[in-house]
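# Commentary on secondary and tertiary structure
Chain by chain, the residues run as shown.
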Amino acid sequence: MYYNPLFLQTADVQETVFLSTDLGQLYQSIPFSALATKIPSPSYEMSGRGRKPFLKVEGGIALMILKHYLGLSDELLIERLNTDWCMQYFCGVQLGLRKIKDKNLVSSWRTYLGSHLNIAALQGVLIQNWKPYMEQTHVTLMDATCYESHLRYPTSVKLLWESIGKVYGIVQQKRVRLKLRSSRSNYGRHKQQYMLYQRSRKKTKRKEKKLRKQLLKYLLRLLQGMEELQQKYQFNLSNKESKLISAIATVYEQQHELTYGDSGKVSHRIVSLGKPYVRPIVRGKEIKRVEFGAKLHKVQVSGISFIEHLSYENFNEGTRLKQSVAFHQKHFGKLSQLGADAIYATNENRRYCSELGIATSFLPKGKQGKQADQKQAMRTALSTVRATVLEGSFGNEKNHYLLQKIKAKTQPTEIAWIFFGMMTANASIISNRILLQQKRQRA
């Protein structure tokens, strides 16, 4: 049997070797103990009952960072953790000859951390520890982006048919348990009509509207039939089934309004039954007009990004300037220069920045007066940094830290996925700065 010679060494030697690796440098940039104080310990750790867990809260946070840093699936991450001593040291555990057999360990920690996540408190801890490695903290940049959820592109026909399938399945299941015959609701005929439409090459608006009306009528009949069945036999739906039926009823009302209403728009529109909290975010991009996921307003200081506001409802980022300035002043002190795009350049925001003496990258109005060339040079520099560093951070996080499509299944775990992805990207930048500072000190 093969033994890793590192475990035959003393703890000091192990730590020295670990800190010299890439993971060790990343480990030094993250204040795990301080972050763990902002998240309560699990109940089994408090009571002392049950099997001793492999990881503490620090280890759970480290596990989330490893996932985004290495870009691995949950299952592959556990396999690597079982065989890689550096990853074990990163998570604060030494398995030796043991193995973690629980393949749901990563998802269970994501669920736990998501349910206790306090973004403001955790970011406060990170800022205090990272501030010595941040320069030009008098400058802030801001912009918004959408971190898309992993779901198929929604259409009204798809959503209605999915709702019909869910309700029909629940009705059939309840009738089997009640020992009743199968429901005669012509499900097969409607399925055939739906499949014929999906296979057709030309899906005209006329065909789509006709099918949508038929599916709406059939969905209403299924919902009424299930309600009558429930009243007659007095059975209860599970919590999961109740939430699903409530979401489907909302989908019916919204689609009915879109089909027969005058406005053609509905507020808080549901686009996924599995994720009813997701909303369409109109971005106006040339290649992707609408995105489906969380819209996040980011504040960036010295190349390090922070979450100022996160919502699944669409919002105008131009209204978040005052809150962003307050965020900067709370954590970094005086703000002198601000970089943002044209959507922030409202008269109200201009007056607010002028009152506080904040120089902005907004295109000026009226006469410039003295030092016009210097002011123009500063605006150009701020716009360039915003367009390169801030916009570049969006692509870096999405392409290299698993934020291209959020594959978590619930709203708290999606928010945790986004937070730890951004945190890992920031920690990677800080670790490089720490390494550079150490090299300068040795030189």
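Higher on the page you've got the structure.
Overview of the structure. (Residues numbered from 1 in each chain as written. Predicted model: local features only at pLDDT ≥ 70, side-chain atom pairs only at ≥ 80, totals over all residues. Heavy atoms only, no water.)

## Side note on the overall build of the chain
Formally: Note on conventions: DSSP H or I runs of at least 4 residues are helices, E runs of at least 2 residues are strands, and numbering of each starts at the N terminus. Throughout, exposure labels follow a simple rule: accessible area from a 1.4 Å probe, protein chains only, divided by the maximum for the residue type, with under 20% read as buried, over 50% as exposed, and the rest as partly exposed. Two residues qualify as a contact provided that any one of their heavy atoms is within 4.5 Å of a heavy atom in the partner residue.
Looking only at helices and strands, the chain features 17 helices and six strands. The principal-axis extents of the C-alpha atoms in the chain amount to approximately 80 × 80 × 40 Å. Every one of the 443 residues in the chain was classed for burial, and the buried ones make up 45%. Sequence-distant contacts in the chain: of pairs separated by 6 or more residues, those separated by 24 or more amount to 69%.

## Observations regarding unusual backbone geometry
One non-glycine residue, Gln-136, adopts positive backbone phi at about 50°. Relative to the elements of secondary structure, Gln-136 occurs in the loop between helix H9 (119–130) and strand E1 (139–148). Positioned with a positive phi, Lys-179 is a non-glycine residue whose angle comes to about 60°.

## A short note on the packing of helix H12 (residues 205–233) against helix H13 (residues 239–260)
The condition is simple: Lines fitted to C-alpha atoms define the axes, with helix axes restricted to the stretch in contact, and inter-axis angles between N-to-C directions lie between 0 and 180 degrees. In this scheme the handedness of a crossing depends on how the near helix is turned from the far one: anticlockwise by less than a right angle means left-handed, clockwise means right-handed. Three classes are used, and their members are as follows: Ala, Val, Leu, Ile, Met, Phe, Trp, Tyr, Cys and Pro are nonpolar, Asp, Glu, Lys and Arg are charged, and the others, Gly among them, are polar.
Axis separation between H12 and H13 bottoms out at 10 Å; the angle between their running directions is 145°. Along this stretch, H12 crosses H13, giving a crossing that reads as left-handed. On H13, the residues touching Lys-209, Arg-212, Lys-213, Leu-216, Leu-219, Leu-220, Leu-223 and Met-226 of H12 are Ile-245, Ile-248, Tyr-252, Gln-255, His-256, Leu-258, Thr-259 and Tyr-260. When its residues are assigned to classes, the contact of H12 with H13 shows 10 nonpolar, three polar and three charged.

## Examining the environment of Ile-100
Along the polypeptide, Ile-100 turns up in the loop between helix H7 (85–90) and helix H8 (105–115). Note on Ile-100: relative accessible area 4%, which makes it buried. Sequence separation between Ile-100 and Arg-279 is 179 residues; the distance between their C-alpha atoms is 38 Å. In contact with Ile-100, other than residues within four places in its own chain, are Phe-54, Ile-78, Leu-81, Asn-82, Leu-95 and Leu-105.

## Focus: the nonpolar core
The condition that has to hold: We call a set of buried residues a nonpolar core when its members are Ala, Val, Leu, Ile, Met, Phe, Trp, Tyr or Cys and they connect through side-chain atoms within 4.5 Å of each other.
Ile-61, Leu-63 and Phe-90 are the most contacted members of the largest nonpolar core, which has 75 residues in total. Ranked by residue count, the leading element in this core is helix H17 (residues 411–442), at 11 residues. If near-sequence neighbours (up to four positions away) are discounted, Ile-61 is found in contact with Phe-32, Leu-35, Ala-36, Ile-39, Leu-113, Phe-420 and Met-423.

## Regarding helix H14 (residues 321–332)
For clarity, the cut-off: The length a helix should cover is 1.5 Å for every residue beyond the first. This arc describes the spread of directions from the helix axis toward the C-beta atoms.
Under the 1.5 Å per step criterion, the end-to-end length of H14 is 16 Å for 12 residues, consistent within 8% with the ideal 16 Å. Taken residue by residue, H14 has Leu-321, Ser-324, Val-325, Phe-327, His-328, His-331 and Phe-332 as its buried positions. Taken end-on, H14 shows its buried residues confined to a sector of 155°, consistent with a single buried face. Of the surrounding elements, those touching the buried residues of H14 are H9, E1, strand E3 (290–301), strand E4 (304–311), strand E5 (337–339) and helix H15 (347–356). Following H14 by one or two positions, Gly-333 has its phi on the positive side, about 90°.

## Thoughts on helix H6 (residues 74–83)
Those residues of H6 that sit buried are Asp-74, Leu-77, Ile-78, Leu-81 and Asn-82. Down the axis of H6, the buried set is contained in an arc of 135°. They therefore lie on one face. Taken together, the buried residues of H6 touch helix H5 (57–70), H7 and H8.

## Let's talk about the side chain of Glu-208
Along the chain, the position of Glu-208 falls in helix H12. You can call Glu-208 buried: its relative accessible area is 19%. If sequence neighbours within four positions are ignored, Glu-208 has contacts with Ser-156, Val-157 and Tyr-197.

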